[in-house]
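Coordinate analysis (summary)
Spelled out, the chains give:
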Amino acid sequence: MTYYADHQPTSGLRAPRAALDSDAPRLDLGGDWRFRLLPEADGPVEFATPAYDDTGWDTLPVPAHWPLHGHGAPAYTNVVYPFPLDPPHPPTDNPTGDYRCVFDLPADWAGEDVVLRFDGVDSCARVWLNGAELGMFTGSRLPAEFDVGALLRSGRNVLAVRVHQWSAGSYLEDQDMWWLPGIFRPVTLLVRPTGGLDDVFVHADFDHTTGLGTLRVDTPVPATVAVPGLGLAAVPTGAPVTVPVRPWSAENPTLYDATVTSSGETVRLRIGFRTVSIVDGVLLVNGEPLHLRGVNRHEFHPDHGRALPVETMREDVLLMKRHNINAVRTSHYPPHPAFLDLCDEYGLWVIDECDLETHGFTFVGWRNNPSADESWRESYLDRMRRTVERDKNHPSIVLWSLGNESHTGSNLAAMADWTRDRDPSRPVHYEGDADCAYVDVHSRMYATHEETERFSHGPLPFVQCEYAHAMGNGPGGLAEYVALFDENPGCAGGFVWEWIDHGLRHPVHEFAYGGDYDEPVHDGNFVIDGLLFPDRTPSPGLLDVHKAYEPVAFAFTGDQVTITPKRGDLSRLRFEWTLPDGSTGTLRVPPGGGGAALPEWPAFTGETWLTVRAVLSVDTPWAPAGHEVAWAQHLLAAAPDVPTTPTSVRPQRTDEGISFGPAEFDRRGQLTTFAGIPVGAPRLDLWRAPTDNDRGARLHETWSAVGLHRLTHRLDAVDVGDTLVTRVRVAPAGTDRGVRVTYEWTPVGDGLLLGVHLEPEGDWPEPVARIAVCLTLPPELDRVRWYGPGPGESYPDTGFANRVGTFESTVDELATPYVRPQENGRRGEVRHATVTDATGRGLRITGLPRFGLGLTRWTPAVLDAARHRVELTPGSTVELSLDAGHQGIGTASCGPGTLPSYELFLREQTFSVLLEQA
Ligand code: GAL
């Protein structure tokens, strides 16, 4: 069978081995290579001959994906394969990139043994050096090495590589991401000295009962180990040595620089000591329960796809650390090796996952799923060997994962057996083994809160390898999950899905998602589900993660606050308090945590909060001193009631309509101006532009079936007396259910109190999106200042990263730039707000006691119709919405919907706001 359609995963490769930092010479072959793209796999192979004339070819950078450089286009599918299921055959339409790289052999390399290494080629490569065929490999995110010494010539050498987008291996690579072929990780030539260290396996255990570390380094040839930081000079490899050490953890990632030296080579290592164990159903590291507060990370860059610059990897790690994330699942393949070095260095627990997913077989009832078909056994084992062998020396890796969503089968069980045999020091993870027949931890994705609690009671440690789907606005329910993790030692924690939106930078759409390249089969914006926007700006969801994952807990009682470390210790933290009057100070917190006296505070009038913050007291490698790690607020004085005593001002009929205090109304009692500013009359609205999570819960269908997006407003009565009352029946066409709405305007102070009374008619069994009154304002009223939670957006079950204070913004800045437009930017629990133009002219709105505030330049209908943000054209007005409630957000784009306590139902109610001139 043709190699690219064969179960045989590789040919001609050297045995897999550890990624090593060696003193042997190396040559990075990256750069501009010659490139041509063919539509099918079997083009002529003459290009592999050194003399071939490639002057007519294009050039393409290596590493890179060719669809991101003008050859073909990216394509996105989640579960479905973009080709027919007939394993192991790829389709005939098989974009195939031919590459040629001409390089000069360094003069002093003559006669050396040399290895040619590929760190990642998607999906199948056939390789020639100087016209001689070396072999082929699949396994896109896995290393591949060939022995090439005998083929190298002094002076000019020609490396030729043929890369097929589709191969038998593609059946094993159905991860939810863009299909992006190419040589996307480095290509390197490595000298292999005589007597060199082909492989090194570090075993560095820590005994928490004695504080001793035991180091044993295994090598295939005799060598010695030096660890100057431990006073070890020339320990023979293979022999254990036990010494006092400081252990490695995500919080304190102590690494010891070491060298291993054989007769021919020295490799540099950074050794971390830690021991992973499972005791009584609890996952432990160094004797302590492991608290994984993680994220799933795909490698992604909006311009480079999965060909990430190392600086971007560092940015990811720094952003994670700064947001209290302490763990990463490398979903769903081993990352670039440099990323794992960064995890070791900065401190992140890692689940290293094999490059494996066959999810699309679910559509045929898992018929012919490779996981259960022995002809794929070697491919499965090959993938696991190449993962474990490459990455085995990283202290950050605490679990091996067999892959993702490949159902179950004997090939997976064989991978687990091999892994346990090769590296008994790390438990095996795989979510698809629902019966836990061959895994060491019980893993689920998108378990409900109730399941999370239930699964946390054994017998195996429970891990949520994916939860809190961060697609679009959300995730809701995050805080409640993390509370369950915190309460249950049998739950090792979880990994939010996922780190970053995979939005590819696009000349028209700003950031592209599925369908933007006219793919015939695609999954739309399901690839836009990260805590970071594609340009790595943190989303509100990431700020909530920071809050939910705080490593310190605060509890206020009387005049003290009790501070408890949840992970790590308090040694690098300083605790500060601040009051709204600007006073600030430091709390005296016992070193291990405990009670600290709060400052004495003066009598405040008005709502007053004390803020306590844990900040870094020293510079760390990941954030400077002063970086905020955790915080809490404590209510010192509650808000006084807003005065609502009516004044004697009365509505007056005029020629144009009705004049009432600061406001003018038309004859039908509809507000037209307030304080001289044209204002569109308040109208009840029960809809919002559905979020991705609403869509997941099918609420968008419910709402459109009911007709929430097309409410009609029938004016039934206008009563002008001591107050101005309009009675309106609000209802969608075609149904007899509706809402009787009474808008009552009452003079209070210099303003008007708007009371909105709702009386539903008929059954309203389903949640509504929001209960709001919407008004229109002139476009120049685009500044807002509010008192309440801020500065970010908030919904009933999100936005807990906000704290109460006074905040300012513009209408444009209130908007959250979700790649696929949807409801966003609301500020919840607002006590009062002013909306003004640049001169300060405008409205003041006061809640009785609180309201949700929305200010946008478009209606929900415009927001809903747009597929990309660039399609959002500002309207001629600013839309002001004042809500008495919003349906929670939940995480039903993948996972459970809104928790019952955050659902919003239409019931009889009254809510009020006071409107005044700003
Ligand atoms: C999971 C899967 C992830 C991703 C997620 C939804 O089932 O493992 O790769 O597809 O759902 O975004």
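Residues numbered from 1 in each chain as written. Predicted model: local features only at pLDDT ≥ 70, side-chain atom pairs only at ≥ 80, totals over all residues. Heavy atoms only, no water.

The protein chain goes by Beta-galactosidase in an unreviewed UniProt entry, where it is assigned to Actinophytocola xinjiangensis. According to the UniProt record, the Catalytic activity (unreviewed entry) comment for the protein chain reads "Hydrolysis of terminal non-reducing beta-D-galactose residues in beta-D-galactosides." In its Sequence similarities (unreviewed entry) section, the UniProt entry covering the protein chain states "Belongs to the glycosyl hydrolase 2 family." (UniProt positions renumbered as here; feature names shortened; annotations may be inferred.)

What follows covers the UniProt feature "domain: Beta galactosidase small chain/" (unreviewed entry) in the protein chain. The feature "domain: Beta galactosidase small chain/" (unreviewed entry), as annotated in UniProt, sits at residues 659–916 in this numbering. Helix makes up 9% of residues 659–916 and strand 47%, with an end-to-end C-alpha separation of 15 Å. (Helix = DSSP H or I, 4+ residues; strand = E, 2+ residues; numbered from the N terminus.)

Turning to helix α2 (residues 337–346), a few remarks are in order. With eight of ten residues buried, α2 is to be regarded as a mostly interior element. Those residues of α2 that are buried are in contact with α1 (310–322), β28 (327–329), β29 (349–353), α3 (377–391) and β30 (397–401). Count one or two residues on from α2 and you reach Gly347, which has phi positive near 95°. (Buried < 20%, exposed > 50% of the residue type's maximum accessible area, 1.4 Å probe, protein only. Contact = heavy atoms within 4.5 Å.)

Taken across its eleven residues, strand β52 (residues 738–748) has nine buried, putting it largely inside the fold. When strand β51 (residues 724–732) meets β52, the two strands line up antiparallel, connected through seven bridges. Along β52, the bridge assignment pairs Thr726 with Tyr743. The antiparallel pairing of β51 with β52 creates a hairpin that spans five residues between the two strands, and Gly734 there sits at a positive phi of about 85°. The sheet contact formed by β52 and strand β53 (residues 751–761) spans eleven bridges and is antiparallel. Among the inter-strand pairings, Thr742 is bridged to a residue of β53, identified as His757. (Pairing = 2+ DSSP bridges.)

Taken together, 13 residues lie around the ligand, and Asp176, His332, Glu405, Glu466 and His469 are the ones closest in. Glu405 is positioned such that a nitrogen or oxygen atom in its side chain is 2.5 Å from an oxygen atom of the ligand. In the model, an oxygen atom of the ligand is placed 2.6 Å from a nitrogen or oxygen of the His469 side chain. Burial of the ligand by the surrounding chains reaches 96%, relative to a free accessible area of 310 Å². Considering only residue class, the shell around the ligand consists of five nonpolar, four polar and four charged. (Near = heavy atom within 4 Å. Polar contact = N/O pair within 3.5 Å; in protein donor to acceptor, adjacent residues only side chain to side chain. Areas by Shrake-Rupley, 256 points an atom, 1.4 Å probe, with all protein chains shown as cover. Nonpolar A, V, L, I, M, F, W, Y, C, P; charged D, E, K, R; others polar.)

Turning to the sheet that holds strand β37 (residues 552–557), a few remarks are in order. Strand pairing in a sheet takes place through backbone hydrogen bonds and is either antiparallel or parallel in direction. Taken in spatial order, the three strands of this open sheet run β37-β38-β41, and their pairing is antiparallel. Two strands bound the open sheet, and with one partner strand each, they are β37 and β41 (594–597). Each neighbouring strand pair of the sheet contributes to a mean axis angle of 30°, computed without reference to strand direction. Where β37 lies against strand β38 (residues 560–565), six bridges are found, and the strand directions are antiparallel. Bridging across to β38, Val552 finds its partner in Pro565. (Axes fitted to C-alpha atoms, helices over the stretch in contact; angles between N-to-C directions.)

So, on to the domain arrangement of the protein chain. Per the domain assignment, the segments making up the protein chain are domain 1 (3–192), domain 2 (355–548), domain 3 (552–637) and domain 4 (660–917). The C-alpha-based centres of domain 2 and domain 3 are spaced at 36 Å. Taken together, the contact pairs four residues of domain 2 with five residues of domain 3. Carbon and sulfur atoms make up 40% of the surface buried where domain 2 meets domain 3, a total of about 350 Å² over both sides. It is Asp486, His546 and Lys547 in domain 2 that bury the most area against domain 3; as a group they hold 95% of the surface buried on that side. Run the count over domain 2 and domain 3 and you get one salt bridge. (Domains from an automatic or database assignment. Buried area = accessible area lost by both parts, 1.4 Å probe. Salt bridge = Lys/Arg side-chain N within 4 Å of Asp/Glu carboxyl O.)

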